[in-house]
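# Results of the structural survey
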Amino acid sequence: MNTKPKIWVPGDWNAFFGFGTNILVNLLTLTALLRFVLKMPDDLVFGSILPAVGLMMLLSTGYYAWLAYRLAKKTGRTDVCALPSGISVPHMFIVTFVVMMPIGIKTGDPMLAWAAGLTWVFVQSFVLMAGGFIAPIIRKITPRAALLGTLAGVSITFISMAPSLQMFMTPLIGVVCFGIILLNWFGGVKYGKIPAGLVAIAVGALIAWGSTAFGFKLGGMTTSALAASMTNFGFHIPLPAFSHVFAGFQFIGIILVTAIPFGIYDLVEAMDNVESAAAAGDSFPTTRVLTADGVVSLIGCMMGNPFINAVYIGHPGWKAMGGRIGYSMATGAMVILLCWFGTISVISAIIPTVAILPILLYIGMLIGSQAFQETPKRHAPAIIDRKRVV
């Protein structure tokens, strides 16, 4: 086929605001963990770590957009959707609480804790790259119900449950924003030409700041926090952190206990997500996906990022919104603006997190339903069992 695929279509706006806000939540969480749990200084967080996160995500989203472009050009289809990717959320917490925090407490040095996180990603990157060559064989012999059932369990546990709880803890924001999203993405209600994700965020921010004006402070928005966030503005590019990566090898015994098992977990999760995309009509080469995750994670850690990259759960959801190729590239560009200019600090002080969480709940709902829709009916008990195990 010689048809040149379109880089951007109208549906990419919906997917961009949906996926972009997903990434924003993760960046806000990551920043909070670094600053308030690990007590890392702001010059390290905003001057070294976040710029490296931005670079890694630009490479990752750009590569998966290119894979989608190749697939669309090869098949002549106009509905190919790029794989979503970003910081692995489960690993974000594992490397924080199991690797960096204990070492930070033991040594009293946040720089050594950072170095240990870099080494952890360094080891996992090679596990992913090596695993990329055996993953296609595993995927071929494993029933789809086993892969998608596990994914459905992960979507309920890690994507849907916490957002649901937080939404109902602040229902005036969370439930209203969720209703806005459901009306559009399930009910077909249009908000002019404005994406539903953006409408939900804007309404949530309006309610939060309106409540602050009347003294209720729903969503925790304050003018003092907004003013303080301005101090982190500035332009920072990632710089090589090779010496810190290798300094972390003094903790290799602690690191290997979790790095290898979770590297294998990454391998399985990536296979699940590739299978999920195939079930939605987009078949991507498993080896390329896994080795790409390993390579961009390796580049990220060598530049100062202690968090591993992963293909995200949720491809069918972004595709259902109309996302194709452009949303992935736009998200990478957005992350650069957030991470290289210190903008993430200001956004966290303007937008209440609870206004963004309903989008994650929607994605969890879609992934859970896909496990049943894309597998034979007789395999339904196996899917329920996989959810129970997860």
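Relevant structure appears above.
Model, not experiment: these values are computed from the prediction.

### Things to note about the overall build of the chain
- Along the backbone of the chain there are 17 helices and two strands.
- The buried share of the chain, taken over its 390 residues, is 56%.
- Within the chain, contacts between residues separated by at least 24 positions form 86% of all contacts whose residues are at least 6 apart in sequence.
- Roughly 15900 Å² of accessible area belongs to the chain as shown, and the carbon and sulfur atoms make up 71% of that amount.

### Quick word on the pattern of salt bridges
- Summed over all chains, the structure comprises five salt bridges.
- A salt bridge links Arg35 to Asp42; the shortest N-O distance between them is 2.9 Å.
- Given the relative accessible area of 22%, Arg35 is considered partly exposed.
- The network of salt bridges with common partners includes Arg77, Asp79, Asp282 and Lys319.

### Observations concerning the nonpolar core
- Within the largest apolar cluster, 110 residues are counted, with the highest numbers of intra-cluster contacts made by Met40, Phe284 and Phe307.
- Sorting elements by how many residues they give to this core places helix H2 (residues 42-75) first, with 17 residues.
- When neighbours within four sequence positions are excluded, Phe307 is seen to be in contact with Leu30, Leu34, Ile49, Met56, Ile87, Met92, Val95, Thr96, Met100 and Val121.

### So, helix H14 (residues 326-340)
- Compared with an ideal rise of 1.5 Å per residue, which puts 15 residues at 21 Å, H14 spans 21 Å between its outermost C-alpha atoms and is within 8% of the ideal.
- With 12 of 15 residues buried, H14 lies mostly within the body of the structure.
- Residues of H14 that are buried: Gly326, Tyr327, Ser328, Ala330, Thr331, Gly332, Met334, Val335, Ile336, Leu338, Cys339 and Trp340.
- Positive phi shows up at Gly342, right after H14, with a value of about 70°.

### Observations regarding helix H1 (residues 11-37)
- The end-to-end C-alpha separation of H1 is 38 Å, in line with the 39 Å expected for 27 residues at 1.5 Å each.
- With 21 of 27 residues buried, H1 lies mostly within the body of the structure.
- Directly after H1, the chain includes Lys39, whose backbone phi takes a positive value near 60°.

### Considering the environment of Phe233
- Of note, Phe233 is situated in the loop between helix H9 (223-229) and helix H10 (242-247).
- Looking at Phe233, the relative accessible area reads 46%, which means it is partly exposed.
- The spacing of Phe233 and Thr343 is 110 residues in sequence and 6.4 Å in space, taken between C-alpha atoms.
- Excluding anything up to four places from it in sequence, Phe233 contacts Phe341, Thr343 and Val346.

### Let's talk about the packing of H1 against H14
- Running from amino to carboxyl end, H1 crosses H14 at an angle of 40°, the nearest separation of the two axes being 9 Å. Pair H1 / H14 crosses with right-handed handedness. Along the contact surface, H1 presents Asp12, Ala15, Phe16, Phe19, Gly20, Ile23, Leu24 and Leu27, while H14 presents Gly326, Tyr327, Ala330, Thr331, Met334, Val335, Leu338 and Cys339.
- Tallied by class, the residues present in the contact of H1 with H14 amount to 12 nonpolar, three polar and one charged.

### Observations regarding unusual backbone geometry
- The phi dihedral of Lys39 is positive, around 60°, even though this residue is not glycine.
- Note that Lys39 resides in the loop between H1 and H2.
- The class of Lys39 is exposed, set by a relative accessible area of 59%.
- Phi is positive for Lys217, close to 55°, though the residue is something other than glycine.
- Relative to the assigned elements, Lys217 resides in the loop between helix H8 (196-213) and H9.

What counts as what
- Residues numbered from 1 in each chain as written.
- Predicted model: local features only at pLDDT ≥ 70, side-chain atom pairs only at ≥ 80, totals over all residues.
- Heavy atoms only, no water.
- Helix = DSSP H or I, 4+ residues; strand = E, 2+ residues; numbered from the N terminus.
- Buried < 20%, exposed > 50% of the residue type's maximum accessible area, 1.4 Å probe, protein only.
- Contact = heavy atoms within 4.5 Å.
- Areas by Shrake-Rupley, 256 points an atom, 1.4 Å probe, with all protein chains shown as cover.
- Salt bridge = Lys/Arg side-chain N within 4 Å of Asp/Glu carboxyl O.
- Core = buried A, V, L, I, M, F, W, Y, C linked by side-chain atoms within 4.5 Å.
- Expected span 1.5 Å × (residues − 1).
- Axes fitted to C-alpha atoms, helices over the stretch in contact; angles between N-to-C directions.
- Left-handed = near helix turned anticlockwise from the far one by under 90°.
- Nonpolar A, V, L, I, M, F, W, Y, C, P; charged D, E, K, R; others polar.

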